[in-house]
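A structural walkthrough
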Amino acid sequence: MKHTFFVVIIALLTACTATQESSFSTEPQSVVQSDYDTFFTPHRLRIDLVFAGNSKYQKVFLASLAKEDNWSGSRTNMVDTFEYGEYYMKVKSKEGQTIYSRGFNTLFQEWRCTPEANINEQSYCSSYVIPYPKDTIQLCIYERVKQTGKYNELYNATINPNDKLISSEKCNNFNVEALMHNGDCKDKVDLLFIAEGYTKEQMDKFRADAQRMTDYMFSMHPYSKHKEDFNIWIVESLSAEEGTDIPHMDVWKNTVADSHFYTFYSDRYLTAPNHTTICKIASNAPYDALYVLVNDATYGGGGIYNFYGLSSSDNKWAEPVFIHEFGHSFAGLGDEYFDSSTSYDETFYNLNIEPWEPNITTLVNFESKWKDMLNPEVQIPTPDSDEPQLLGVYEGGGYMAKGVYRPVMDCRMKTNTAPGFCPVCSRAIERMIEFYTK
Ligand SMILES: [Zn+2]
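Below, the structure is looked at part by part. (Residues numbered from 1 in each chain as written. Predicted model: local features only at pLDDT ≥ 70, side-chain atom pairs only at ≥ 80, totals over all residues.)

What about the overall build of the chain?
Within the chain one finds seven helices and 16 strands. Compactness check: the chain gives a C-alpha radius of gyration of 21 Å against a globular reference of 22 Å for 438 residues, within 12% of the reference. Viewed in the frame of its principal axes, the chain has a C-alpha envelope of about 60 × 55 × 50 Å. Within the chain, residue pairs in contact and separated by at least 24 positions form 67% of the contacts whose partners lie at least 6 positions apart. (Helix = DSSP H or I, 4+ residues; strand = E, 2+ residues; numbered from the N terminus. Rg over C-alpha atoms; globule rule 2.2 N^0.38 Å. Contact = placed C-beta atoms within 7 Å.)

Brief notes about the sheet that holds strand β10 (residues 189-196)
Spatial strand order, β9-β11-β10-β12-β14-β13: six strands in an open sheet with mixed pairing. Strands at the two margins of the open sheet, each flanked by one partner only, are β9 (175-180) and β13 (301-304). Recorded for the sheet is a direction-independent mean angle of 20° between the axes of neighbouring strands. Bridge count for β10 against strand β11 (residues 230-236) is six bridges, and the pairing is parallel. When the bridges of β11 are listed, F193 appears paired with I234. Along the sheet, helix α4 (residues 203-217) contacts β9, β10, β11 and β12 (289-294); its crossing angle with β11, the most-contacted strand, is approximately 160°. Here helix α6 (residues 318-331) sits on the sheet and contacts β12, β13 and β14 (308-312); the angle it forms with β14, its principal contact strand, is near 165°. (Pairing = 2+ DSSP bridges. Axes fitted to C-alpha atoms, helices over the stretch in contact; angles between N-to-C directions.)

What to know about unusual backbone geometry
Omega for the peptide link from H221 to P222 comes to 5°, which places this bond in the cis form. Within the secondary structure layout, P222 lies in the loop between α4 and β11. Here the bond from I380 into P381 is cis, since omega is -10°, no more than 30 degrees from zero. At Y262, a position not held by glycine, the phi torsion is positive, near 65°.

Quick notes on the sheet that holds strand β2 (residues 40-53)
The antiparallel open sheet is built from three strands, whose spatial order is β3-β2-β6. Only two strands of the sheet have a single neighbouring strand rather than two, namely β3 (58-70) and β6 (122-133). In this sheet, neighbouring strand axes are inclined to one another by 20° on average, regardless of whether the strands run parallel or antiparallel.

Description of α4
Taking 1.5 Å per residue as the helical rise, α4 with its 15 residues ought to reach 21 Å, and the 21 Å between its terminal C-alpha atoms agrees with that figure. Looking only at α4, the buried set comprises F206, D209, A210, M213, T214 and M217. Within α4, the buried residues cover an arc of 135° as seen down the axis, which keeps them to one side. The exposed residues of α4 that point more than 90 degrees off its buried face are D204, A208 and D215. On its buried face, α4 is in contact with β9, β10, β11, β12 and α6. (Expected span 1.5 Å × (residues − 1). Buried ≥ 20, exposed ≤ 12 C-beta atoms within 10 Å, placed from the backbone. Arc of directions from axis to C-beta.)

Re the packing of α4 against α6
For the pair α4 and α6, interaxial distance at closest approach is 10 Å and the crossing angle is 70°. One element, α4, and the other, α6, form an angle in the roughly perpendicular class. Helix-helix and strand crossings are classified by hand; for α4 and α6 the assignment is right-handed. Of the residues in α6, those in contact with R212, M213, Y216 and M217 of α4 are E319, F322 and I323. In terms of residue class, the contact of α4 with α6 is built from five nonpolar, no polar and two charged. (Parallel < 35°, antiparallel > 145°, perpendicular 65-115°, else oblique. Left-handed = near helix turned anticlockwise from the far one by under 90°. Nonpolar A, V, L, I, M, F, W, Y, C, P; charged D, E, K, R; others polar.)

Structural notes on the nonpolar core
Ranked by internal contacts, the top residues of the largest apolar core, which has 95 residues, are L192, I194, Y291 and V292. When near neighbours in sequence (up to four residues on either side) are disregarded, Y291 contacts L191, L192, F193, I194, Y308, G309 and F326. Core analysis: the next-biggest nonpolar cluster, separate from the first, contains nine residues, Y337, F338, Y349 and V393 among them. (Core = buried A, V, L, I, M, F, W, Y, C linked by C-beta atoms within 7 Å.)

Description of the packing of α6 against helix α7 (residues 423-437)
Here α6 crosses α7 at 50°, and the two axes come no closer than 10 Å. What the angle tells us is that α6 and α7 run oblique. For the pair α6 and α7, the crossing hand works out as left-handed. Where α6 abuts α7, its residues G327, F330 and A331 lie against C425, A428, I429 and M432.

Some words on α6
The first and last C-alpha atoms of α6 sit 19 Å apart over 14 residues, in line with the 20 Å expected at 1.5 Å per residue. Taken across its 14 residues, α6 has 13 buried, putting it largely inside the fold. Of the residues flanking the end of α6, it is G332, one or two places downstream, whose phi is positive at about 70°.

Let's talk about the pairing of β12
By the criterion of burial, β12 is predominantly enclosed, with six of the six residues buried. Two strands pair when backbone bridges link them, and β10 and β12 are joined in this way by six bridges, in the parallel orientation. Note that in β12 the partner of E196 across the bridge is V294. As judged from the four bridges shared by β12 and β14, these two strands associate in the parallel manner.

As for the environment of K134
Structurally, K134 can be placed in the loop between β6 and β7 (137-144). Since 14 C-beta atoms lie within 10 Å of it, K134 is described here as partly exposed. Between the C-alpha atoms of K134 and G243, which are 109 residues apart in sequence, the distance is 42 Å.

Focus on the environment of F174
Within the secondary structure, F174 sits in the loop between β8 (151-159) and β9. Considering only alpha carbons, one finds F174 and I234, 60 residues apart in sequence, at a separation of 9.9 Å. Setting aside residues up to four positions removed in sequence, F174 forms contacts with V235, E236, S237, L238, I281 and N284.

Quick look at the pairing of β7
Extensive coverage of β7 is indicated by the burial of seven of its eight residues. Where strand β4 (residues 87-92) meets β7, six bridges bridge the pair, whose relative direction is antiparallel. Looking across to β7, one finds that K90 is bridged to C140. Strand direction decides the pairing type here: β7 and β8, joined by eight bridges, are antiparallel. Looking at the pairing, I141 lines up with Y155 of β8.

Everything listed is a geometric property; what it means functionally is a separate question.
Here it is as structure tokens:
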């Protein structure tokens, strides 16, 4: 089974350019972590943004702010150490110190790279939660420039946490429960499953579906080693109708997260375009990572880094697709496939720079990837092997047959039938787990 739903989007994505000023380097740097209690209260702040523009330019607007329940993320690793993603958010204190940061991707960035974005302008809603600041902050959002791989500033706003217009109203009364609870949220990866397309009578099915994904996840290395590092939560978000929209088959359903297939006219690309809607559904729940489980049997899904993972629950590939999409959304992993039906002649990644995804390389800066894991006798690039998970540097990956390299012949980030995650993906996943738990 091939994953085809990302291909058009990401192929076009790389064609996008950005021309802002005020950049910062993505070279590894020493990170100074901020003290949580100095800068933040126990609550969290939801920042609702609108990303708008077309293929040539983009702008970010602040839509609204909301005060939510307790911050459930790390209180130690406030500043991001990965610098993954097409966007980057920095929260600065009045004195200019970076006190919180995260990289992320958006569905809007993918849309910007479709042919439609050459003709029309559109806007997409995205929301992010940060620890609730005690004092005025500067919120800076950066976009990654394709030509250089560096981040340039896109947006800058001052936020006063004492502003009386910051909403404290409850968005919903959906039941939130732990499927698996191993300890305090600040020391765990809190994965929240959101029910999409499940009616009130189908909540037992949702619970069973989320449990099935959870069981699959912890049967697979490296998650199997880290079960104790996770809390698994569910939010029983009710839909009026079951299933999801399948526009090219004229199927339309009234569901809580407004998900649909045929995203950007691609049959298998299942998304929920309004990210703010998803975050409002999650507003009463703890989470580090969001996963939207869609009550449908049609094959498909999507995973966007630090945004959400989303896939259908009821086809024979549902579990491998779930863990693959979660690899994108949680650990920032890239796709390792490139087969003929999905490869493009055009340059998919800029071959002159190292891609940010940890599990693919252009060999421009291979030292920053898995060179340290390789046996020194292994040839670079490595000739194709009959052993699916013999570590090397195999040509083909990131939708490109040439110029992009992957760590093994077959990995869960390449096919649904691979034995599991390769050692490089496993290390990237473990590093992300450690970031949330240490
Ligand atoms: Zn891999």
